[in-house]
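Geometric and topological summary
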Amino acid sequence: MNKNYYAIVMAGGVGSRFWPVSTADFPKQFHDMLGTGETLIQKTFSRLSQLIPKENILILTNEVYNDLILEQLPSVKQEQIVLEPAMRNTAPCILYASLKIKKENPDALIVVAPSDHWIEDEVQFCANLQRAFDFCEREDTLMTLGILPTFPNTGYGYIEYDKLDSRPIKKVVQFREKPDYATARKFIQSRNFLWNAGIFVWSVQSVLKAFEHYNPAMYSQFMDGYKALNTPDEKAFIKENYPKAENISVDYAILEKAQNVYVLPATFDWNDLGTWGSLYDKLPKDEQDNAVVNATVILENASNNIIRTEGKKLVVVDGLQDFIIVDKDDVLLIYPKGKEQEIKRITAIANEMK
């Protein structure tokens, strides 16, 4: 394995649209959402470690999830867990982790990957990642892996690339916000738009140069503590200074401003598993298109439902179509799939009732 390969795994999200299974105390990345026997973060770590030395995989997360990570990833050492003392967006944590990596290995090549996504063809994933690493080793570039759209999804951001670029790795024209349905259809018809999967690849030198040029205030703020990084003094510096960092995504902080951004259209199947509906799409189904995780079921006049329980609880359903049915501890959710985006609002109401 190449000792210059590193990964930053983003594992600080709450996944509130997967309530009641995903909660602030125990978010979705620590659950076996697909019923495979592995949690999402375990699958992510296993996938990345096929190409990247395990000791070079950093886990970025909130302080409250430290023990969960050590429990679920026993090969990870405490120093590989990069703890955020305050909730911020992706730019501060990526900059922080990248500076730690530079101090350890200035020749590092880094992939930034979410901890809670579903990727089916891991052989193709590793092949795509290898190609991106090779490109970033040769070129001063910021890369992302884009997903070929299969329908006009309004829940994803899009990457527009140069239509005339015939090379396998395309020059990015711009990042586009989550569109409305009509705009998403135009994107699909244009054939030069990809879904933004939030998977980034770059050399540590390139990404830090971009931060220094496009977000000098944040870069300077973290560089003030560079000597403390990877030493016993790191924790005190981060605790005092991290909450002062701007709450901004890496897209806004550097990627949308930089001129050296490229995208590789991915050849693996991908799903961000952001909602119960996206999970439903990836689960096996019965003749009536019901997807069942863990539960034992008796189903009559029921179709297109997703049913999930903690154990092998018997669930009897008659006369329901297109519903989310989830039993977890003291919560039973029975909710229309068509309104799944509102589950985040319901979660907030439920938390207020506690």
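The structure reproduced in this document is the subject of the present report.

Glancing now at the packing of helix α3 (residues 90-104) against helix α6 (residues 204-214). Helix-helix packing is characterised by the crossing angle of the two axes and by the distance between the axes. Remark: α3 packs on α6, axes separated minimally by 10 Å, with the N-to-C direction vectors making an angle of 135°. The angle between α3 and α6 places the two elements in the oblique class. Crossing angle aside, the handedness with which α3 passes α6 is left-handed. Touching Ala91, Ile94, Leu95, Ser98, Leu99 and Lys102 of α3 are Val204, Gln205, Val207, Leu208 and Phe211, all from α6. Its residues placed into classes, the contact of α3 with α6 shows 8 nonpolar, 2 polar and 1 charged.

Enumeration according to the criterion identifies 16 aromatic pairs in this entry. Here the aromatic rings of Tyr5 and Phe133 are separated by 4.2 Å at their centres, their planes lie at 20°, and the arrangement is stacked. Of this pair, Tyr5 sits in strand β1 (residues 5-10) while Phe133 is found in helix α4 (residues 122-138), placing the two residues 128 residues apart along the sequence. Pairing Phe187 with Phe193 gives two aromatic rings, centres 4.1 Å apart and planes at 10°, and the pair type is stacked. Exposure class is identical for Phe187 and Phe193. Each is buried. Ring pairing ties together the aromatic residues Phe151, Tyr156, Trp195 and Trp270, which thus form one cluster. Over the ring of Tyr226 we find Lys103; its NZ or CZ atom is 5.5 Å from the centre of that ring. Lying over the aromatic face of Tyr280, Lys285 brings its terminal NZ or CZ to 4.7 Å of the ring centre.

Another aspect to go through is the pairing of strand β7 (residues 158-161). The side chains of a regular strand alternate, first on one face of the sheet and then on the other. Burial of the side chains of β7 extends over both faces: Tyr158 and Glu160 are buried on one face and Ile159 and Tyr161 on the other. Relative to strand β8 (residues 170-176), β7 runs antiparallel, the two being bridged by 4 bridges. Of the residues in β8, the one forming a bridge with Ile159 is Phe175.

This part is about empty space enclosed by the protein. Taken as a whole and assessed by the stated rule, the structure comprises 1 cavity of 30 Å³ or more. If you add up the space inside the largest cavity, you get close to 50 Å³. Listing elements by their share of the lining of the largest cavity, those giving two or more residues are α1 (40-48) and β4 (109-114). Counting residues per element, the lining of the largest cavity draws most heavily on α1, at 3 residues. A class-by-class count of the residues in the lining of the largest cavity yields 6 nonpolar, 2 polar and 1 charged.

With that out of the way, let us pick up the side chain of Thr61. Within the secondary structure, Thr61 is located in strand β2 (residues 57-62). With relative accessibility at 0%, the residue Thr61 sits in the buried group. Polar contacts involving the side chain of Thr61 include one to the main-chain carbonyl oxygen of Ala11, which spans 2.8 Å. The residues touching Thr61, leaving out its near neighbours within four places in the chain, are Ala11, Gly12, Ile69, Ile81, Val82, Leu83 and Glu84.

Turning to the sheet that holds strand β14 (residues 306-308), a few remarks are in order. Spatially, β12-β14-β16-β17 is the arrangement adopted by the 4 strands of the open sheet, whose pairing is mixed. Taken across any chain shown, the strands that pair with only one partner, and hence form the sheet edges, are β12 (291-293) and β17 (331-336). When the angles between neighbouring strand axes are averaged without regard to direction, this sheet yields 5°. One ladder, built from 3 bridges, connects β12 with β14; its direction is parallel. Residue Val292 lies in a different strand from β14, and its bridge partner there is Ile307.

What counts, and where the lines are drawn
- Per-chain numbering applies: the sequence of each chain, read as written, is numbered from 1 onward.
- Per-residue local features are limited, in this predicted model, to residues with pLDDT of at least 70; the limit for side-chain atom pairs, both in listing and counting, is 80 or more; totals at the level of whole chains, interfaces and linings are taken over all residues.
- Each side-chain value is worked out from all heavy atoms of the structure, with water and hydrogens disregarded.
- To get an axis, fit a line to the C-alpha atoms, keeping to the stretch in contact for a helix; angles then go from 0 to 180 degrees between the N-to-C directions.
- Strands here are runs of E lasting at least two residues and helices are runs of H or I lasting at least four, both read from the DSSP assignment and numbered beginning at the N terminus.
- Any angle between 65 and 115 degrees counts as roughly perpendicular, while under 35 counts as roughly parallel, over 145 as roughly antiparallel, and the rest as oblique.
- Left-handed is the label given to a crossing in which the near helix is rotated counterclockwise from the far helix by less than a right angle, and right-handed is the label when the rotation is clockwise.
- Only heavy atoms enter the contact rule, under which two residues are in contact if any of them lie within 4.5 Å.
- Charged means Asp, Glu, Lys or Arg here, nonpolar means Ala, Val, Leu, Ile, Met, Phe, Trp, Tyr, Cys or Pro, and polar covers whatever is left, Gly included.
- Centre distance within 6.5 Å is the pairing criterion for rings of Phe, Tyr and Trp, where only the six-membered ring of Trp is used; planes under 30 degrees apart are then read as stacked, over 60 as edge-to-face, and the remainder as tilted.
- A 1.4 Å probe rolled over the protein chains alone gives each residue an accessible area, and that area as a share of the maximum for its type sets the label: buried under 20%, exposed over 50%, partly exposed in between.
- Over a ring means this: the NZ of a Lys or the CZ of an Arg is within 6 Å of the ring centre and within 35 degrees of the ring normal.
- One bridge is not enough; two strands pair if DSSP finds at least two bridges between them.
- Two kinds of site are reported from a 1 Å grid over the protein atoms alone, namely cavities, where a 1.4 Å probe fits but cannot get out, and pockets, open sets with protein on both sides within 12 Å along at least five of seven lines, and residues are called lining when an atom falls within 4 Å of a point.
- Grid points are joined across faces, edges and corners, and a volume is the space filled by probe spheres set on the points.
- Any pair of nitrogen or oxygen atoms within 3.5 Å is treated as a polar contact; in protein, a donor-acceptor pairing is required on top of that, and neighbouring residues in sequence qualify only through side-chain atoms on both sides.

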